[in-house]
Amino acid sequence: MRSTSGVEDGVGDEVEDLLRLHAPQVLGALVRRYGHFDPAEDAAQEALIAAARQWPEQGVPDNPRGWLIRVASRRLVDRLRSDDARRAREEAAAALAPRDAFTAPAPDEPVPGGSRAPAEDDTLTLLFLCCHPDLAPAAQVALTLRAVGGLTTAEIARAHLVPEATMAQRISRAKRKVRGAAFVQPVPADRDRRLAAVLQVLYLIFNEGYTATSGRALHRAGLAREAIRLARSVRRLLPRDGAVTGLLALMLLIDARSPARTGAHGELIPLDEQDRTRWDRAAVAEGTALVEEALREGPAGPYQVQAAIAALHDEAGRAEDTDWPQILALYDVLVRMTPEPMAELSRAVAVAMVHGPQAGLAETDSLADRLAGHHRLDAVRAHLLERAGDTEGARAAYRSAAAGTLSIPEARYLHGRADRLDD
């Protein structure tokens, strides 16, 4: 499914947020009722496009999710009826799972006792379906980002530092493998096997929402909120899991800074220049409490460590009060757990804040091969070169970073830093 932010130009924020919220719920309802992943994804996308065209002019319906499901269902039924192999598909679907796996009530249909099936149940089931154990971890993440997160193939490829064509093939193979899988919540043992991929996906969805990798806006607030909502849902399933609690804490602590991240005209404001009185202190308090809880629930994993780092940033009343030695110590732990280049790049910043910019630059040199051409490496180097007094090198690195990002606010910020050095 393409990103809902790219369905139609000119879609208002309210409609954008609704489409983002309901997209995985619609797809989940279709897959549960009809059992055909690929056609269901296409039909759900067509319904989203129709909504993006109609709702801004005609108004949002009273039941937007029901509207989307009805439109998508009609499109899917028409497509299945027109398929020469319709009867074979129906017979295959009936043989793949017990009948009640595909005939459970739709989100807007009554269930025994007069209640309704919660919409988030479909989204969670879709989330765990896309993380099916028959898929390789990379395929699990890619498929879920597409189906649940609504990210484009290009966005997913950028998040994984691979070519778009490679990612498209990965997603196509993943969809073929889950074709016909029963749309039901996995049993606890199976759920635990899928959990790591689920959490990774939610974190990537949140990151794309908090700092969009492309486009005119720095944030995709609806996407970040959806990731937080789903993390809360997973925590309700697994309230004692330290990784789940740590991930939710991390999201809340980072998202708490959102009100201060942009200026009056949408321009990027870096962390050390933000007005910290504008941070969401309720979210900071909740996130900090969750960090403490997560660390009590067992051995710390990557999400708990990252949440502890975020808490140290959020607890500092001023940028100069930040406990950088403690942050560096936590990054040392993190990169031993997950030697990922982006974590090591963040550690390089902490090294520079504790030991000076030259020490930080030496750390970035070791990442040159793994992050070659990535604008974030150039941006960090530019900042450290500026702090080290290398004006010419910093200016060139800022401009290289600006040329490498597809985010308009980031590019403007980086060009502005370079222009300031010209002055």
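Being a predicted model, the structure only gives us computed values, none of them experimental.

## So, the overall build of the protein
For the protein, the count of helices and strands is 19 helices and 2 strands. Looking at the protein residue by residue over its 423 residues, the buried ones come to 51%. Intrachain contacts of the protein at a sequence separation of at least 6 include 66% that bridge at least 24 residues. With the model as given, the accessible surface of the protein reaches about 19200 Å², and the carbon-plus-sulfur share is 50%.

## Observations regarding helix α14 (residues 324-337)
Here α14 contains 14 residues, and its C-alpha end-to-end distance of 20 Å stays within 8% of the 20 Å for a straight helix at 1.5 Å per residue. Every buried residue of α14 is accounted for by Trp324, Ile327, Leu328, Leu330, Tyr331, Leu334 and Val335. The buried residues of α14 occupy an angular sector of 165 degrees when the element is viewed end-on, so they sit on one face. Across from the buried face of α14, at angles greater than 90 degrees, the exposed residues are Pro325 and Arg336. Where the residues of α14 are buried, they touch α13 (302-315) and α15 (341-355).

## What to know about empty space enclosed by the protein
All told, the structure shown has 1 cavity of 30 Å³ or more when counted by the stated rule. Volume-wise, the largest cavity comes out at about 40 Å³. Looking at the largest cavity, the residues that line it are Val31, Gly35, Phe37, Leu129, Val178, Gly180 and Ala181. In terms of residue class, the lining of the largest cavity is made up of 5 nonpolar, 2 polar and no charged.

## A few points about the confidence of the model for the protein
Confidence in the prediction of the protein, expressed as mean pLDDT, is 84, and 87% of residues score 70 or more. Contacts of residues 1-10 to residues separated by more than four positions or lying in other chains number 36 contacts, the stretch itself having pLDDT below 50. In the model, residues 96-117 has pLDDT below 50 throughout and makes 41 contacts with residues more than four positions away in sequence or in other chains.

## As for the side chain of Glu410
When you line up the elements, Glu410 lands in helix α19 (residues 408-422). With relative accessibility at 7%, the residue Glu410 sits in the buried group. Apart from residues lying up to four places away in sequence, Glu410 is in contact with Thr211, Leu218, Leu268, His375, Arg376 and Thr405.

## A few points about the packing of helix α6 (residues 137-147) against helix α8 (residues 164-178)
Two numbers describe how α6 lies on α8: the axes approach to 9 Å, and their chain directions differ by 90 degrees. With respect to their mutual orientation, α6 and α8 come out roughly perpendicular. On α8, the residues touching Ala138, Ala139, Ala142, Leu143 and Arg146 of α6 are Met167, Arg170, Ile171, Ala174, Lys175 and Val178. Here the residues of the contact of α6 with α8 are counted per class, giving 8 nonpolar, no polar and 3 charged.

## A short note on the packing of aromatic side chains
The description of an aromatic ring pair rests on the distance of the ring centres and on the angle between the ring planes. Per the counting criterion, the structure on display carries 3 aromatic pairs. Between Trp55 and Trp67 the ring centres are 5.3 Å apart and the planes differ by 70 degrees, which places this aromatic pair in the edge-to-face class. Of the two residues, Trp55 is situated in helix α2 (residues 37-58) and Trp67 in helix α3 (residues 64-82); the sequence distance between them amounts to 12 residues. Neither Trp55 nor Trp67 differs from the other in exposure class; each is buried. Directly above the aromatic system of Trp279 lies the positively charged group of Arg257, at a separation of 6.0 Å from the ring centroid. The cationic tip of Arg261 hangs over the ring face of Tyr210; the distance from NZ or CZ to the ring centre is 3.8 Å.

Here is what the cut-offs are and how they apply
- Residues numbered from 1 in each chain as written.
- Predicted model: local features only at pLDDT ≥ 70, side-chain atom pairs only at ≥ 80, totals over all residues.
- Heavy atoms only, no water.
- Helix = DSSP H or I, 4+ residues; strand = E, 2+ residues; numbered from the N terminus.
- Buried < 20%, exposed > 50% of the residue type's maximum accessible area, 1.4 Å probe, protein only.
- Contact = heavy atoms within 4.5 Å.
- Areas by Shrake-Rupley, 256 points an atom, 1.4 Å probe, with all protein chains shown as cover.
- Expected span 1.5 Å × (residues − 1).
- Arc of directions from axis to C-beta.
- 1 Å grid on protein atoms, 1.4 Å probe; cavity = no way out; pocket = protein on both sides within 12 Å on 5 of 7 lines; lining within 4 Å.
- Points joined across faces, edges and corners; volume = space filled by probe spheres on them.
- Nonpolar A, V, L, I, M, F, W, Y, C, P; charged D, E, K, R; others polar.
- pLDDT = per-residue confidence, 0-100.
- Axes fitted to C-alpha atoms, helices over the stretch in contact; angles between N-to-C directions.
- Parallel < 35°, antiparallel > 145°, perpendicular 65-115°, else oblique.
- Phe/Tyr/Trp six-rings, centres within 6.5 Å; stacked < 30°, edge-to-face > 60°.
- Lys NZ or Arg CZ within 6 Å of the ring centre and 35° of its normal.

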